[in-house]
Amino acid sequence: MRTVVQTVSRASVTVDGEVVGEISDGLLVLVGVTHTDTAATAETMARKVHELRILDGERSASELAAPVLVVSQFTLYGDARKGRRPSWGAAAPAELAEPLVTAFAEALRARGAKVSTGQFRAHMLVESVNVGPCTILLDL
């Protein structure tokens, strides 16, 4: 599992003209899933993200009760080493990825996080106003 975690003053996801998820003063988390990921991977990543000390005063979303917007992002596993057209072979198929992205969001909720999400398999418009900016790549 791979995540890109960004500190944001606000972020939202719009699908077909309707806002399906939004937060203020929290974390935008783009989540990619690969073939070997499991529910345990999702749980571990949720803990890392929730406890990641990248908010004001080197505090975590856990400490500040900061909300999290989770957006599936299979392109995090794109491979363009052999040219300009990325290969998506390392990205898990939707049938495996969707339940694990859901498990990641649920694991955050179980830790007490307020979680909003994008919509899996939808054409999403993701807007964010980054703070800092601070962007961290986490890879398990």
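The coordinates are above.
Computed from a prediction, not measured in an experiment: that's the story for all the values here.

Student: Would you mind going over unusual backbone geometry with me for this structure?
Tutor: Trans peptide bonds make up most of the peptide bonds, and negative phi angles are found at most residues other than glycine. Here the amide bond leading from Gly-132 into Pro-133 is cis, since omega sits at -5°, within 30 degrees of zero. Looking at where Pro-133 falls in the secondary structure, it is placed in strand β5 (residues 125-139). One non-glycine residue, Glu-58, lies in the positive phi region at around 55°. Mapped onto the elements of the fold, Glu-58 is located in the loop between α1 (39-51) and α2 (61-64). With a phi angle near 65°, Arg-121 is a residue other than glycine that sits in the positive phi range.

Student: Sorry if this is basic, but what is going on with the pattern of salt bridges here?
Tutor: A side chain of one charge can pair with a side chain of the opposite charge when the charged atoms of the two come close. Taken as a whole, this structure holds 7 salt bridges when the rule is applied. Salt-bridge contacts for Asp-139 lead to Arg-2; the nearest nitrogen and oxygen are separated by 3.2 Å. Of this pair, Asp-139 sits in strand β5 while Arg-2 sits in strand β1 (residues 2-15), and the two are 137 residues apart along the sequence. We note a salt bridge from Arg-121 to Glu-95, for which the minimum N-O separation is 3.1 Å. Taken as a pair, Arg-121 in the loop between β4 (115-117) and β5 and Glu-95 in helix α3 (residues 94-110) lie far apart in primary sequence, 26 residues in all. For the pair shown, Arg-121 and Glu-95 are each scored as exposed. Look at the salt bridges and you will find they share partners, linking Arg-47, Glu-51 and Arg-111 into a network.

Student: So what exactly am I meant to see when it comes to the pairing of strand β3 (residues 68-72) here?
Tutor: Two faces belong to every sheet, and in a regular strand the side chains alternate between them. Among the 5 residues that make up β3, 5 are buried, leaving the element largely enclosed by the rest of the structure. Examined bridge by bridge, strand β2 (residues 18-32) and β3 share 5 bridges and lie parallel to one another. Of the residues in β3, the one forming a bridge with Leu-27 is Val-68. In terms of strand pairing, β3 meets β4 through 3 bridges, oriented parallel.

Student: Help me understand the layout of surface pockets, please; the structure alone is not making it clear to me.
Tutor: Left-over empty space is what a probe sized like a water molecule reveals as it rolls over the atoms. By volume, the largest pocket is sized at about 300 Å³. Considering the residues around the largest pocket, the lining is formed by 19 residues, among which Ser-72, Gln-73, Phe-74, Arg-121 and Met-124 are closest to the centre. Those elements that provide at least two residues to the lining of the largest pocket are β2, β3 and α3. Ranked by the residues each element gives to the lining of the largest pocket, the list is headed by α3, at 3 residues. Here the residues of the lining of the largest pocket sort into 13 nonpolar, 5 polar and 1 charged.

Student: In this structure, what is going on with the sheet that holds β3? I would like to understand it.
Tutor: Pairing between the strands of a sheet is mediated by backbone hydrogen bonds and can be parallel or antiparallel. Strands sit in the order β4-β3-β2-β1-β5 across an open sheet of 5 strands; the sheet is mixed. For this open sheet the edge positions go to β4 and β5, each flanked by a neighbour on one side alone. Ignoring strand direction, the axes of neighbouring strands in this sheet form an average angle of 35°.

Student: Looking at this model, I keep getting lost on α1. Mind explaining?
Tutor: Note that an α-helix has 3.6 residues per turn; residues three or four places apart therefore point the same way. For α1, which comprises 13 residues, the first-to-last C-alpha distance of 18 Å matches the rise-based estimate of 18 Å (1.5 Å per residue) to within 8%. Listing the buried residues of α1 in full gives Thr-41, Ala-42, Met-45, Ala-46, Val-49 and His-50. The buried residues of α1 all sit within an arc of 155° when viewed along its axis, so they share a single face. Buried-residue contacts for α1 involve β1, β2, α2, α3 and β5. Where α1 begins, the side chain of Thr-38 points an oxygen toward the backbone nitrogen of Ala-40, at a separation of 3.2 Å.

What counts and what doesn't
- Residues numbered from 1 in each chain as written.
- Predicted model: local features only at pLDDT ≥ 70, side-chain atom pairs only at ≥ 80, totals over all residues.
- Heavy atoms only, no water.
- Helix = DSSP H or I, 4+ residues; strand = E, 2+ residues; numbered from the N terminus.
- Salt bridge = Lys/Arg side-chain N within 4 Å of Asp/Glu carboxyl O.
- Buried < 20%, exposed > 50% of the residue type's maximum accessible area, 1.4 Å probe, protein only.
- Pairing = 2+ DSSP bridges.
- 1 Å grid on protein atoms, 1.4 Å probe; cavity = no way out; pocket = protein on both sides within 12 Å on 5 of 7 lines; lining within 4 Å.
- Points joined across faces, edges and corners; volume = space filled by probe spheres on them.
- Nonpolar A, V, L, I, M, F, W, Y, C, P; charged D, E, K, R; others polar.
- Axes fitted to C-alpha atoms, helices over the stretch in contact; angles between N-to-C directions.
- Expected span 1.5 Å × (residues − 1).
- Arc of directions from axis to C-beta.
- Contact = heavy atoms within 4.5 Å.
- Polar contact = N/O pair within 3.5 Å; in protein donor to acceptor, adjacent residues only side chain to side chain.

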